[in-house]
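# Structural features, examined
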Amino acid sequence: MLRRPQYRRALVFSGLIGIPVSLVAFWFLAALHELQRLVWTDWPHDLGYGRAPWWWSLAGAVVAGAGTALVVLRFPGRGGHVPVAGLHSGAATAASLPGVVLAALCCLPFGVVLGPEAPLIALGGGLALLFRDLARAPATQASTALVGASGAAAAIAAIFGNPLVAAVMLMEVAGVGGPQLFAVMLPALLSSGVGAIVFTGFGHWTGLKTGSLEIGLPAPPLLDAGDVVWSVLMAALIAVVIHYVMLAGRRTAILVVAHPLRNTLLAALAMGCCAAAYTGITGRSPTDVALSGQSTLPDLAAHPHAWSVGALVAVLAFKSAGYALSLGSLRGGPIFPSLFLGAAFGVLLAPLPGFGVVPATAAGMAAAAAAAMRLPVSTVVLVALLLGHTGSLPVVVLAAVTAFVIVELLPEGPPVPPFRDRAGPGPASGAPSGPASGPASG
């Protein structure tokens, strides 16, 4: 393939479009961050509050619900696909880009329990195809898939700060290799995780050395049998919980299709009520429940003992409910809320005998993300990146594989309802389409 001139030209073009796509992704994420700080920090302070009051999430929910409903009804592309349909590698059209951006701006800064990754994938892929058309490059089916995936990968790399995550995630989302990919990768993942545990444990027990690639960086405590057993059991529990959260998101999507304006607004208000009730019960900030959890996750991981058992139970209950409502009605991505929920599960269950906070948090994030995305390899790479070390990687692998297998064996539930775009009948913006709807569509 590399000997073909057409492919070499496409390769060079894909490298070039990574520059403007990454710049747009940077400013898009920066704008979301500044808007979030303005809404949840500056405005409450300007009104004389030390932090956002309990009712603040309700006001944000009105903006998110009404704004999303208007974008869905008035703009081509309906603001992007419904998040509960999973991540899609298919690029957005140029006509749908304004709706994708507006829907994200209406949702993500105002307390929606979703992340920015899905809008970024659509934005990156759509911009790449727009630049291709402006350059008058040949538009074939193969070039559309290649250029769109390249733009989406550049956008994903911008948010996760790592090109490896983007490459692996796009490979799984696009369904490269089809079902055979998972048939081969799952046993390989499981075997590698078990092998790492046995190899590490045997070396620790015997005191013998075999040589390694370690360069002296600090490492977490060595895993023991309790970490492994509890990680697998916890992963099974998390998989069941996240699966039924996703089913609730699908049922929310069905209700929204019946009456988009009214039910989108009602779902958003119900999501806002979850954050308000959490603050009223625990006295903590509504941002623990509202927003994606991306900014709260580092604090939870760094100071797990600052969260009481009651606060952890409350945040799991109310954020799960808000997550389900957001998945079926609003616009954004499913990754960051699932990571936060998994981490909260890990911190809650870490006091179990023989369980450590670090492996519990790592395994919890892996299990929740694998259950939500159904992308086990991407989950392992992403969690390893977030951890910054490989000491907990064996339980991360076991948790991701366990959660993925359990979710695949549970009842599938109702399909994501089809939508018809205002520009014409066409396929559903929220429905699975082509190979991109494989395991990622959930």
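Relevant structure appears above.
Quick caveat, the model's predicted, so the values are computed rather than measured.

Reading the values: rules and limits
Residues numbered from 1 in each chain as written. Predicted model: local features only at pLDDT ≥ 70, side-chain atom pairs only at ≥ 80, totals over all residues. Heavy atoms only, no water. Helix = DSSP H or I, 4+ residues; strand = E, 2+ residues; numbered from the N terminus. Buried < 20%, exposed > 50% of the residue type's maximum accessible area, 1.4 Å probe, protein only. Areas by Shrake-Rupley, 256 points an atom, 1.4 Å probe, with all protein chains shown as cover. Axes fitted to C-alpha atoms, helices over the stretch in contact; angles between N-to-C directions. Parallel < 35°, antiparallel > 145°, perpendicular 65-115°, else oblique. Contact = heavy atoms within 4.5 Å. Nonpolar A, V, L, I, M, F, W, Y, C, P; charged D, E, K, R; others polar. Salt bridge = Lys/Arg side-chain N within 4 Å of Asp/Glu carboxyl O. Core = buried A, V, L, I, M, F, W, Y, C linked by side-chain atoms within 4.5 Å. Patch = residues over 30% accessible without salt bridge, like charges linked within 9 Å, V, L, I, M, F, W, Y side chains within 5 Å. Expected span 1.5 Å × (residues − 1).

## Topic: the overall build of the protein
- Along the protein, the regular secondary structure elements total 15 helices and 0 strands.
- Per-residue burial over the protein gives 52% buried out of 442 residues.
- As displayed, the protein has an accessible area near 19,100 Å², and 71% of this comes from carbon and sulfur atoms.

## Some thoughts on the packing of helix H8 (residues 225-258) against helix H9 (residues 260-282)
- Closest axis-to-axis distance for the H8/H9 pair is 6 Å, and the angle between their directions is 140°. The angle between H8 and H9 falls in the class oblique. Residue-level inspection shows Thr 252, Leu 255, Val 256, Val 257 and Ala 258 of H8 in contact with H9, the latter providing Pro 260, Asn 263, Thr 264 and Ala 267.
- When its residues are assigned to classes, the contact of H8 with H9 shows 6 nonpolar, 3 polar and no charged.

## Quick word on the side chain of Thr 279
- Relative to the helices and strands, Thr 279 resides in helix H9.
- When its relative accessible area of 10% is taken as the criterion, Thr 279 is described as buried.
- In contact with Thr 279, other than residues within four places in its own chain, are Trp 54, Arg 284, Ser 285 and Pro 286.

## Describing the environment of Gly 115
- Here Gly 115 is to be found in the loop between helix H3 (97-107) and helix H4 (117-134).
- The exposure class of Gly 115 is buried, given its relative accessible area of 0%.
- Distance in space between the C-alpha atoms of Gly 115 and Gly 332 is 5.4 Å, their sequence separation being 217 residues.
- Once residues lying within four places of it in the same chain are set aside, the contact partners of Gly 115 are Leu 108, Ser 292, Gly 332, Gly 333, Phe 336 and Pro 337.

## A word on the pattern of salt bridges
- Inspection of every chain in the model, using the stated rule, returns 6 salt bridges.
- A salt bridge links Arg 37 to Asp 42; the shortest N-O distance between them is 2.7 Å.
- Taking the relative accessible area as the measure of exposure, Arg 37 reaches 36% and is therefore partly exposed.
- Residue Asp 42 is classed as partly exposed on the basis of its relative accessible area of 23%.
- One salt bridge in this structure joins Glu 408 and Arg 374, with 3.3 Å as the shortest N-O distance. Taken as a pair, Glu 408 in helix H15 (residues 393-409) and Arg 374 in the loop between helix H13 (357-373) and helix H14 (376-387) lie far apart in primary sequence, 34 residues in all.
- The class for Glu 408 is partly exposed, based on a relative accessible area of 36%.

## Some points on the nonpolar core
- By size, the foremost hydrophobic cluster in this structure holds 106 residues, and its most contacted members are Phe 160 and Leu 339.
- For this core, the element with the highest residue contribution is H13, accounting for 12 residues.
- Residues within four places of Leu 339 in sequence aside, it is in contact with Leu 297, Met 365, Ala 369, Leu 382, Val 383 and Leu 386.
- Ranked by size, the runner-up nonpolar core spans 5 residues in total, among them Ile 17, Ala 128, Leu 129 and Val 147.

## Details of a nonpolar patch on the surface
- Together, Val 12, Leu 16, Ile 19, Leu 23, Phe 26 and Trp 27 make up an exposed nonpolar region whose accessible area comes to about 680 Å².
- Along the polypeptide, Phe 26 turns up in helix H1 (residues 5-46).

## Some details on H9
- In this model H9 runs 33 Å from its N-terminal to its C-terminal C-alpha over 23 residues, within 8% of the 33 Å that 1.5 Å per residue would give.
- Buried within H9 are the following residues: Asn 263, Thr 264, Ala 267, Ala 268, Met 271, Gly 272, Cys 274, Ala 275, Ala 276, Tyr 278 and Thr 279.

## Considerations on H14
- The end-to-end C-alpha distance of H14 is 16 Å, a good match for the 16 Å that 12 residues give at a rise of 1.5 Å each.
- Listed as buried for H14 are Pro 376, Val 377, Ser 378, Thr 379, Val 380, Leu 382, Val 383 and Leu 387.
- Gly 388, located one to two residues past H14, shows a positive phi value of around 80°.

Keep in mind these numbers describe shape, not what the thing actually does.
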